[in-house]
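The chain contents come next:
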Amino acid sequence: MMYGGEVVAGKGRGTRIGFPTLNFKIPEQFPYRYGIYAGWVVAGNERYRAVFHYGPIPTFHEEATSLEALLLDGALLQKSSVISFELIKNLREVKMFGTVDALAEQIRKDMDEARRVLLG
(Lines give C-alpha, C1' and ligand atoms only; values in the text may rest on other atoms or scores of the structure.)
Protein backbone atom coordinates (compact mmCIF):
# COMPACT_ATOMS: atom_id res chain seq x y z
CA MET A 1 0.00 0.00 0.00
CA MET A 2 1.35 3.42 -0.96
CA TYR A 3 1.39 6.13 1.73
CA GLY A 4 1.77 9.87 1.34
CA GLY A 5 4.63 10.80 3.62
CA GLU A 6 5.48 14.12 5.17
CA VAL A 7 9.27 14.35 5.54
CA VAL A 8 10.25 15.69 8.96
CA ALA A 9 13.54 16.65 10.58
CA GLY A 10 15.50 13.84 12.18
CA LYS A 11 18.38 13.93 14.63
CA GLY A 12 21.13 13.57 12.03
CA ARG A 13 22.56 10.31 13.38
CA GLY A 14 22.21 8.50 10.05
CA THR A 15 24.18 11.19 8.28
CA ARG A 16 26.88 11.15 10.98
CA ILE A 17 27.45 7.41 10.51
CA GLY A 18 27.37 7.57 6.71
CA PHE A 19 23.75 6.60 6.03
CA PRO A 20 21.60 9.73 5.54
CA THR A 21 17.90 9.02 5.86
CA LEU A 22 14.58 10.65 5.15
CA ASN A 23 12.50 10.78 8.32
CA PHE A 24 8.73 10.53 7.95
CA LYS A 25 5.78 11.56 10.04
CA ILE A 26 4.17 8.20 10.79
CA PRO A 27 0.80 7.87 9.04
CA GLU A 28 -2.26 7.36 11.22
CA GLN A 29 -3.26 3.71 11.61
CA PHE A 30 0.05 2.53 10.15
CA PRO A 31 -0.46 -1.26 10.13
CA TYR A 32 3.15 -2.49 10.18
CA ARG A 33 4.96 -4.08 13.07
CA TYR A 34 8.34 -2.72 14.08
CA GLY A 35 11.11 -3.86 11.78
CA ILE A 36 13.46 -3.23 8.91
CA TYR A 37 11.82 -3.31 5.47
CA ALA A 38 12.68 -3.16 1.79
CA GLY A 39 10.49 -0.74 -0.11
CA TRP A 40 10.08 2.20 -2.45
CA VAL A 41 10.17 5.97 -2.10
CA VAL A 42 8.38 7.90 -4.86
CA ALA A 43 9.05 11.59 -5.55
CA GLY A 44 7.47 13.08 -8.64
CA ASN A 45 7.96 10.60 -11.47
CA GLU A 46 10.97 8.89 -9.85
CA ARG A 47 11.00 5.67 -7.82
CA TYR A 48 13.89 4.92 -5.47
CA ARG A 49 14.73 1.64 -3.78
CA ALA A 50 15.01 2.02 -0.02
CA VAL A 51 15.55 0.35 3.32
CA PHE A 52 13.05 1.48 5.96
CA HIS A 53 13.43 1.44 9.72
CA TYR A 54 10.18 1.48 11.69
CA GLY A 55 10.28 1.44 15.47
CA PRO A 56 12.51 2.53 18.33
CA ILE A 57 16.27 2.90 17.90
CA PRO A 58 17.72 0.84 20.76
CA THR A 59 21.39 1.24 19.75
CA PHE A 60 21.02 4.96 20.53
CA HIS A 61 18.69 4.33 23.53
CA GLU A 62 15.82 5.99 21.64
CA GLU A 63 12.44 4.61 22.72
CA ALA A 64 10.30 6.87 20.53
CA THR A 65 8.97 5.28 17.35
CA SER A 66 10.56 6.52 14.14
CA LEU A 67 9.99 5.82 10.47
CA GLU A 68 12.92 6.54 8.18
CA ALA A 69 14.14 5.54 4.75
CA LEU A 70 17.68 5.09 3.46
CA LEU A 71 17.69 5.44 -0.33
CA LEU A 72 19.82 2.76 -1.98
CA ASP A 73 20.73 4.49 -5.21
CA GLY A 74 22.62 7.44 -3.82
CA ALA A 75 19.81 9.93 -4.36
CA LEU A 76 19.13 12.53 -1.72
CA LEU A 77 15.72 14.18 -1.88
CA GLN A 78 14.76 17.55 -0.50
CA LYS A 79 14.06 17.15 3.20
CA SER A 80 10.97 19.37 2.92
CA SER A 81 9.33 17.23 0.25
CA VAL A 82 6.01 15.48 0.62
CA ILE A 83 6.59 12.17 -1.07
CA SER A 84 5.07 8.69 -1.17
CA PHE A 85 6.46 5.43 0.10
CA GLU A 86 5.63 1.75 0.17
CA LEU A 87 7.00 -1.02 2.37
CA ILE A 88 7.33 -4.26 0.41
CA LYS A 89 9.00 -6.91 2.58
CA ASN A 90 10.12 -7.25 6.18
CA LEU A 91 13.84 -8.00 6.31
CA ARG A 92 14.39 -8.38 10.04
CA GLU A 93 13.39 -7.20 13.50
CA VAL A 94 14.67 -4.01 15.11
CA LYS A 95 17.52 -4.90 17.47
CA MET A 96 20.22 -3.31 19.57
CA PHE A 97 23.83 -3.34 18.44
CA GLY A 98 26.76 -3.05 20.85
CA THR A 99 28.61 -0.51 18.72
CA VAL A 100 27.88 1.96 15.95
CA ASP A 101 30.30 -0.02 13.74
CA ALA A 102 28.23 -3.18 14.25
CA LEU A 103 25.08 -1.22 13.37
CA ALA A 104 26.74 0.17 10.22
CA GLU A 105 27.79 -3.34 9.15
CA GLN A 106 24.19 -4.56 9.55
CA ILE A 107 22.85 -1.56 7.61
CA ARG A 108 25.12 -2.51 4.69
CA LYS A 109 23.74 -6.07 4.83
CA ASP A 110 20.18 -4.72 4.95
CA MET A 111 20.92 -2.58 1.88
CA ASP A 112 22.24 -5.61 -0.04
CA GLU A 113 19.20 -7.68 0.92
CA ALA A 114 16.80 -4.88 -0.07
CA ARG A 115 18.49 -4.58 -3.47
CA ARG A 116 17.92 -8.33 -4.02
CA VAL A 117 14.29 -8.12 -2.93
CA LEU A 118 13.48 -5.09 -5.07
CA LEU A 119 15.15 -6.36 -8.26
CA GLY A 120 12.73 -9.23 -8.65
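Residues numbered from 1 in each chain as written. Predicted model: local features only at pLDDT ≥ 70, side-chain atom pairs only at ≥ 80, totals over all residues. Heavy atoms only, no water.

S.K.: I'd love a proper account of the overall build of the protein, names of residues and values included.
M.R.: Assigned secondary structure in the protein consists of two helices and six strands. Its C-alpha radius of gyration of 13 Å places the protein within 12% of the 14 Å reference for a compact globule of 120 residues. Summarising its shape, the C-alpha atoms of the protein cover approximately 40 × 30 × 25 Å along the three principal directions. Residues classed as buried in the protein amount to 47% of the 120 residues present. Of all intrachain contacts in the protein linking residues separated by at least 6 positions in sequence, the fraction that spans at least 24 positions is 65%. For the protein, the distance from the average site of its 15 positive side-chain charges to the average site of its 14 negative ones is 3 Å. (Helix = DSSP H or I, 4+ residues; strand = E, 2+ residues; numbered from the N terminus. Rg over C-alpha atoms; globule rule 2.2 N^0.38 Å. Buried < 20%, exposed > 50% of the residue type's maximum accessible area, 1.4 Å probe, protein only. Contact = heavy atoms within 4.5 Å. Lys, Arg positive; Asp, Glu negative; His and termini not counted. Charge placed at Lys NZ, Arg CZ, Asp CG, Glu CD.)

S.K.: Can you explain the side chain of Gln106? Please cite residues and give values.
M.R.: Note that Gln106 resides in helix α2 (residues 100-119). The exposure class assigned to Gln106 is buried, which follows from its relative accessible area of 15%. The contact partners of Gln106, leaving out residues within four places of it in the chain, are Arg92, Lys95 and Phe97.

S.K.: Explain the side chain of His53 residue by residue, including any values.
M.R.: Mapped onto the secondary structure, His53 falls in strand β4 (residues 46-57). A polar contact of 3.0 Å, which involves the side chain of His53, links it to the backbone oxygen of Pro56. Excluding anything up to four places from it in sequence, His53 contacts Gly35, Ile36, Ser66, Leu67, Glu68 and Val94. (Polar contact = N/O pair within 3.5 Å; in protein donor to acceptor, adjacent residues only side chain to side chain.)

S.K.: Could you give an account of unusual backbone geometry, with specific residues and numbers?
M.R.: What you tend to see is this: most non-glycine residues have negative phi, and most peptide bonds are trans. The backbone of Gln29 shows a phi angle near 55°, a positive value even though the residue is not glycine. Along the chain, Gln29 falls in the loop between β2 (22-24) and β3 (35-43).

S.K.: An account of the environment of Ile88 is needed here, citing residue identities and associated values.
M.R.: Secondary-structure assignment places Ile88 in strand β6 (residues 82-92). Taking relative accessible area as the criterion, Ile88 reaches 43% and is therefore assigned partly exposed. The residues contacting Ile88, other than those within four sequence positions of it, are Ala38, Gly39, Trp40 and Leu118.

S.K.: I'd like a rundown of the pairing of β3, residues and numbers included.
M.R.: A regular strand places its side chains so that they alternate between the two faces of the sheet. Burial analysis of β3 places nine of its nine residues in the buried class, the great majority of the element. Two elements, β3 and β4, share nine bridges in a ladder whose sense is antiparallel. Across the sheet, residue Trp40 finds its bridge partner in β4, namely Arg49. (Pairing = 2+ DSSP bridges.)

S.K.: Summarise the packing of aromatic side chains; cite the residues concerned and give the values.
M.R.: Applying the stated rule across the entire model yields eleven aromatic pairs. On the basis of an interplanar angle of 75° and a centroid distance of 5.5 Å, the ring pair of Tyr32 and Tyr37 is categorised as edge-to-face. Residue classification places Tyr37 among the buried residues on the basis of a relative accessible area of 5%. Taken together, a centroid distance of 5.7 Å and an interplanar angle of 40° make the contact between Phe52 and Phe85 tilted. Pair noted here: Phe52 is in strand β4 and Phe85 is in strand β6, with a separation of 33 residues, a long-range link. Residues Phe52 and Phe85 agree in their burial class; the two are buried. Grouping aromatic residues by their ring pairs yields a cluster made of Tyr3, Phe24, Phe30, Tyr32, Tyr34, Tyr37, Phe52, Tyr54 and Phe85. (Phe/Tyr/Trp six-rings, centres within 6.5 Å; stacked < 30°, edge-to-face > 60°.)

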